[in-house]
Amino acid sequence: SDPYSHHRLPPPPQLRRASFPPAASRPFAGLLRAARVRCSSSSAAGRGRGSVAPAVARFQRRMAVSGTEHAYSNILTSLPKPEGGEYGKFYSLPALNDPRIDKLPYSIRILLESAIRNCDGFQVTKNDVEKIIDWENTSPKLAEIPFKPARVLLQDFTGVPAVVDLAAMRDALAKLGSDANKINPLVPVDLVIDHSVQVDVARSSNALQSNMELEFTRNRERFGFLKWGSTAFQNMLVVPPGSGIVHQVNLEYLGRVVFNTDGIMYPDSVVGTDSHTTMIDGLGVAGWGVGGIEAEATMLGQPMSMVLPGVVGFKLTGKLRNGVTATDLVLTVTQMLRKHGVVGKFVEFHGEGMGKLSLADRATIANMSPEYGATMGFFPVDHVTLDYLRLTGRSDETVSMIEAYLRANNMFVDYNEPQLERVYSSYLALDLDEVEPCISGPKRYDLVL
């Protein structure tokens, strides 16, 4: 069914062909011509000597390697169903038999699994995998690694330029006489229309409907274009207006926790064009905000280059007292983390106090990552996460698959079982019993009363 039909949107707009200025008048046209001349000259010289340039030779060798068998095919493991058959296959971290992996923070294990699964000898190499496995030693040296998130999250303000760029690529491909339908995002892209909300009508029974009609009237062209994009591109889902804010929709509907694509299972991870994408970390999904260019590069299958981050282990014990709210806890945690210094780092929460913390409270703490400066505030998946997935309508079969995969790949936390000691870059601890009711201003979260 068409989610927009009742709003009587116009038909999908026709894409205008871009009219470019003559080549001679374009910026840097002379530099481009000179570069082409140099390239053609060096190619001719290389052909004359019967050899190719060293850079080209290296590229050809890498491409040859990337086309061979997967470097970690030996740890591709089947995940059986209890009733028979299998959920799918996955790259097993325990199958590596490396004791260093058992000590890794859960957030780093997600980076490790991604590197192993995407290891092609070209964009991601075995050396990158080794850096992550040896995280305890390589992280202080600010080693760089490539990371390929599982999906991209957009909202309508930052999402429209991304869809426009994809449409322009299709237009260019059509001009070259090729099939324009080949241009599609290579990873799933979820675009939630929520940044166009405006309240014109209030205190009436039809306020919601009136505001929605005004929203569609004002944004008719943009919404029509996004509706076209939702059907024109593969791997793209557009959530219509009126469904909720992007982070709420991400938590309650879009967050997969575990993907099962073409029989290969892997953890959900996401980058979004909104700084508070970190809210999804409360669900055990590694996610943070990036710029539009990084998001588009990820959409087109390019890995993100990132410094292997340090991880602050934040241990929670006890239980919040009656009358103490999630806001009180968040302000206390933010004050501690700002004082500790976590810019550019992951914060991973653990400890027996986690079982007493609802997922809504976890998401609230994770949502404040930009305020305390961390790349993300991560809560590994446990029974509280599974209960929330059932509460928000995920099927029992899906939840069982998620739990089975995460347990098999040592990414699930069961606080009813003995916990192996994990290594962190630094450590913090908070007894939830000691959190006091408090308030803070809208900007200085470190000044708590």
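Residues numbered from 1 in each chain as written. Predicted model: local features only at pLDDT ≥ 70, side-chain atom pairs only at ≥ 80, totals over all residues. Heavy atoms only, no water.

Quick look at the overall build of the protein chain
Applicable threshold: Numbering of helices and strands runs from the N terminus; a helix is a DSSP stretch of H or I covering at least four residues, while a strand is a stretch of E covering at least two. Summary of the burial criterion: residues with accessible area below 20% of their type's maximum are buried, those above 50% are exposed, and those between are partly exposed, where the area comes from a 1.4 Å probe applied to protein chains only. The contact criterion used throughout is that any non-hydrogen atoms of two residues lie within 4.5 Å. Accessibility throughout is a Shrake-Rupley quantity obtained with a 1.4 Å probe, and a residue counts as covered only by protein chains that appear here.
Summing up its helical and strand segments, the protein chain has 16 helices and 15 strands in all. Out of the 449 residues belonging to the protein chain, those deemed buried represent 47%. Restricting the contact set of the protein chain to residue pairs at least 6 apart, pairs at least 24 apart contribute 76%. A total accessible area of about 22,600 Å² is found for the protein chain, and carbon and sulfur atoms account for 55% of it.

Some details on the packing of helix α12 (residues 326-340) against helix α13 (residues 359-367)
Relative orientation and spacing of two packed helices are given, respectively, by the angle between their axes and the distance between those axes. The criterion, for reference: Here, axes are lines fitted to C-alpha atoms. For helices the fit covers the stretch in contact, and angles between N-to-C directions go from 0 to 180 degrees. Each crossing gets its handedness from the near helix: less than a right angle anticlockwise from the far helix is left-handed, clockwise is right-handed. When residues are sorted by character, Ala, Val, Leu, Ile, Met, Phe, Trp, Tyr, Cys and Pro go into the nonpolar class, Asp, Glu, Lys and Arg into the charged class, and all the rest, Gly among them, into the polar class.
One can describe the packing of α12 onto α13 by two numbers: an axis separation of 10 Å at closest approach and a directional angle of 35 degrees. Classified by chirality, the crossing of α13 by α12 is right-handed. Contact residues: Ala326, Leu329, Val330 and Val333 in α12; Asp361, Thr364 and Ile365 in α13. Its residues placed into classes, the contact of α12 with α13 shows five nonpolar, one polar and one charged.

Some details on the sheet that holds strand β13 (residues 346-350)
Selection rule: Being paired, for any two strands, means DSSP has found at least two bridges between them.
Spatially, the four strands line up as an open sheet ordered β14-β13-β12-β15, and their pairing is parallel. Bordering the open sheet on either side are β14 (376-378) and β15 (426-431), each of which pairs with just one other strand. Here the average twist between neighbouring strands, direction ignored, is 20 degrees. Relative to β15, strand β12 (residues 311-317) runs parallel, the two being bridged by six bridges. Bridged to Lys315 within β15 is Ala429.

Points about the pattern of salt bridges
Cut-off, in case you're wondering: Salt bridges, as used here, are contacts in which a Lys or Arg side-chain nitrogen is within 4 Å of a carboxyl oxygen on Asp or Glu.
Under the defined criterion, the tally for this structure stands at 18 salt bridges. The shortest N-O distance in the salt bridge between Lys81 and Glu397 comes to 3.8 Å. Of this pair, Lys81 sits in the loop between β1 (76-80) and β2 (86-91) while Glu397 sits in helix α16 (residues 396-408); the two residues are 316 residues apart in sequence, bridging distant segments of the chain. Since its relative accessible area comes to 55%, Glu397 is described here as exposed. Notably, a salt bridge pairs Asp268 with Arg151, separated by 3.0 Å at the nearest N-O pair. With Asp268 in the loop between β8 (264-267) and β9 (269-272) and Arg151 in strand β4 (residues 151-155), the pair connects residues that are 117 residues apart, well separated along the chain. The same class applies to Asp268 and to Arg151, which are both buried. Ionic contacts of the salt-bridge type, sharing partners, join the residues Asp98, Arg100, Glu130 and Asp134 into one network.

Considering the pairing of β1
In this structure, β1 lies alongside β2, joined through five bridges in antiparallel fashion. Bridge pairing in β2 places Thr77 opposite Phe90. Linking β1 back to β2 in an antiparallel pair, the connection comprises five residues, with Gly84 at a positive phi of about 110 degrees.

Focus on the side chain of Asp190
As a reminder, the rule being used: Between N or O atoms, a polar contact is any pair within 3.5 Å; within protein, one atom must be a potential hydrogen donor and the other a potential acceptor, and residues adjacent in sequence are included only when both atoms are from side chains.
Inspection of the secondary structure assignment puts Asp190 in strand β5 (residues 189-192). Within the structure, Asp190 has its side chain in polar contact with the side chain of Arg151 (distance 3.3 Å). In terms of polar contacts, Asp190 uses its side chain to reach the side chain of Arg256, at 2.8 Å. Apart from residues lying up to four places away in sequence, Asp190 is in contact with Arg151, Val152, Leu153, Leu154, Leu237, Leu254 and Arg256.

A look at unusual backbone geometry
In this structure, Asn97 takes a positive phi of about 55 degrees despite not being glycine. For Asn97, a relative accessible area of 67% gives the class exposed. One non-glycine residue, Arg203, adopts positive backbone phi at about 60 degrees. Secondary-structure assignment places Arg203 in the loop between β5 and α8 (207-218).

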